[in-house]
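An overview of the molecular structure
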Amino acid sequence: FLCWLIFNSHVSMEERFFMALMSAISVIVVACPCALGLATPTAVMVGTGVGANNGLLIKGGAVLEKAHHVDTVILDKTGTLTSGRAVLGERMEFLGSARPDDPVFNGIPEKVKKHDIALWFAACVEFSSEHPIAHAVVNAAKGLYGNDITFSRDGVHVSEFAMFPGCGVEALVSREGYDSWRVRVGKNDFVTERTSDRMDTPNTNLSNSQSLGNREAQYLRNRGHIAIYVSISRECKDGSKSHENSIRRVVGVLGVVDSVAANAPSTVTALRSMGIEVWMCTGDHELTALAVAREVGIDECNV
């Protein structure tokens with residue numbers, strides 16, 4: 001490069017510089033073709049690697065080249081804007097003020113207090129589930145009762161566990177010498193259905209308790225919680241059901257919270273400062289989604 005620049009004096013400096021540069025590049029290409037050939041794939045590999053370390057999957061170099069055209073980013077709520085680790089937050093128990101002679105208490109283990117009954121019933125059912133919300137409920141119950149949350153040593157058994165996708169879970173909680181409880185945990189419409197003779201075909205006759213807990217659930221959702229209802233109905237020891245027992249009774253609403261990730265608000269702010277429109281998508285209740293959106297700085301109209 002220097003030789004061409006210094007000794008090619010019969011042309012102008014601008015022409016000398018251009019010729020020197022082209023000659024130097026030609027020599028490098030002939031002498032070291034691998035260096036230039038590997039430059040682009042190496043840059044792509046480093047870029048995708050850095051993205052992967054930050055939880056961002058990039059599908060090849062073509063995507064990286066087009067990234068500067070991005071004007072809208074859609075983020076999932078759970079596990080992206082939030083930590084993805086659900087824990088039990090606030091809960092509303094409806095049996096704390098019930099009369100001591102209320103039949104619902106017959107057979108409840110002595111260690112379960114009146115203001116913890118909904119949590120205990122939910123934990124007994126969710127113990128067989130692998131859903132993240134179930135883990136939050138079970139972990140909260142373990143904090144109160146230890147690993148034996150069902151009190152199997154006191155004769156409590158959980159059976160007939162069933163999952164209803166998009167609705168909730170159901171199981172039969174029984175204790176030796178007492179009537180059993182048919183427990184449901186999930187959405188309001190699901191937990192307030194009457195007990196059906198066929199677990200895979202829920203009955204659509206709703207009890208008068210359908211509206212119980214709606215105000216509490218709305219309060220929890222406004223605070224960014226996922227509200228799950230807990231209801232019970234009694235079954236006699238011989239498996240029979242009276243009309244009164246078949247009516248489901250909502251005993252509480254549990255609030256499960258997935259806290260916002262520490263870097264989510266700053267990330268959203270950085271994207272918006274670059275002129276990128278940020279959206280959030282989720283399958284959670286609208287009130288819960290809007291509460292999270294407000295916390296991270298996403299416009300409610302972009303949820």
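Residues numbered from 1 in each chain as written. Predicted model: local features only at pLDDT ≥ 70, side-chain atom pairs only at ≥ 80, totals over all residues. Heavy atoms only, no water.

1. Details of the packing of helix 9 (residues 214-222) against helix 12 (residues 286-296)
Interaxial distance between helix 9 and helix 12 falls to 7 Å at its minimum, and their mutual angle equals 25 degrees. Compared by their axis directions, helix 9 and helix 12 come out roughly parallel. Residues Q218, R221 and N222 of helix 9 form the contact with helix 12, whose own contacting residues are L287, T288, A291 and R294. Class assignment for the residues of the contact of helix 9 with helix 12 results in 2 nonpolar, 3 polar and 2 charged. (Axes fitted to C-alpha atoms, helices over the stretch in contact; angles between N-to-C directions. Helix = DSSP H or I, 4+ residues; strand = E, 2+ residues; numbered from the N terminus. Parallel < 35°, antiparallel > 145°, perpendicular 65-115°, else oblique. Contact = heavy atoms within 4.5 Å. Nonpolar A, V, L, I, M, F, W, Y, C, P; charged D, E, K, R; others polar.)

2. Section: the packing of aromatic side chains
Any two aromatic rings considered together are summarised by their centre-to-centre distance and by the angle between their planes. Under the criterion given, the structure shown has 6 aromatic pairs. Ring geometry for W120 and W181: centres 6.4 Å apart, planes at 90 degrees, overall edge-to-face. Of the two residues, W120 is situated in helix 6 (residues 117-126) and W181 in strand 5 (residues 180-186); the sequence distance between them amounts to 61 residues. Just as W120 is buried, W181 falls in that class too. On the numbers, 5.0 Å between centres and 50 degrees between planes, the contact of F164 with F190 is tilted. Pair noted here: F164 is in strand 3 (residues 156-164) and F190 is in helix 8 (residues 188-191), with a separation of 26 residues, a long-range link. The same class applies to F164 and to F190, which are both buried. An aromatic cluster is built from W120, F121, Y145, F151 and W181, whose rings are joined through pairwise contacts. Above the ring of F164, the side-chain terminus of R184 is found at 5.9 Å from the ring centroid. Across from the ring centre of F190, 4.6 Å away, lies the NZ or CZ of R184, which sits over that ring. (Phe/Tyr/Trp six-rings, centres within 6.5 Å; stacked < 30°, edge-to-face > 60°. Buried < 20%, exposed > 50% of the residue type's maximum accessible area, 1.4 Å probe, protein only. Lys NZ or Arg CZ within 6 Å of the ring centre and 35° of its normal.)

3. Focus: the pattern of salt bridges
As enumerated under the stated definition, the model contains 11 salt bridges in all. For R223, the salt bridge goes to E90, with nearest N and O atoms at 2.6 Å. Separated by 133 residues along the polypeptide, R223 in the loop between helix 9 and strand 6 (226-235) and E90 in strand 2 (residues 87-93) bring together distant segments of the chain. For R223, a relative accessible area of 48% gives the class partly exposed. Residue E90 is classed as partly exposed on the basis of its relative accessible area of 26%. Within this structure, E160, E170, R182 and R184 form a network of salt bridges that share partners. (Salt bridge = Lys/Arg side-chain N within 4 Å of Asp/Glu carboxyl O.)

4. A look at the sheet that holds strand 3
Two modes of strand pairing occur in sheets, parallel and antiparallel, and in both the strands are linked by backbone hydrogen bonds. The strand order across the open sheet built from 6 strands is 2-7-6-5-4-3, with neighbouring strands paired in antiparallel fashion. One side of each edge strand has no neighbouring strand; the edge strands of this open sheet are strand 2 and strand 3. Recorded for the sheet is a direction-independent mean angle of 20 degrees between the axes of neighbouring strands. Note: strand 6 against strand 7 (residues 249-257), 7 bridges, orientation antiparallel. Bridge pairing in strand 7 links V230 to G252. Against the sheet, helix 6 makes contact with strand 2, strand 3, strand 4 (168-175), strand 5, strand 6 and strand 7, and its axis sits at roughly 105 degrees relative to strand 4, the strand it touches most. (Pairing = 2+ DSSP bridges.)

5. A short note on a nonpolar patch on the surface
Among the surface-exposed residues, W4, F18, M19 and M22 lie close enough to one another that they form a single nonpolar patch of about 410 Å² accessible area. Broken down by element, the residue count for the nonpolar patch peaks at 3 residues, all from helix 2 (residues 13-31). Position of M22 relative to the elements: it lies in helix 2. The class for M22 is partly exposed, based on a relative accessible area of 43%. (Patch = residues over 30% accessible without salt bridge, like charges linked within 9 Å, V, L, I, M, F, W, Y side chains within 5 Å. Areas by Shrake-Rupley, 256 points an atom, 1.4 Å probe, with all protein chains shown as cover.)

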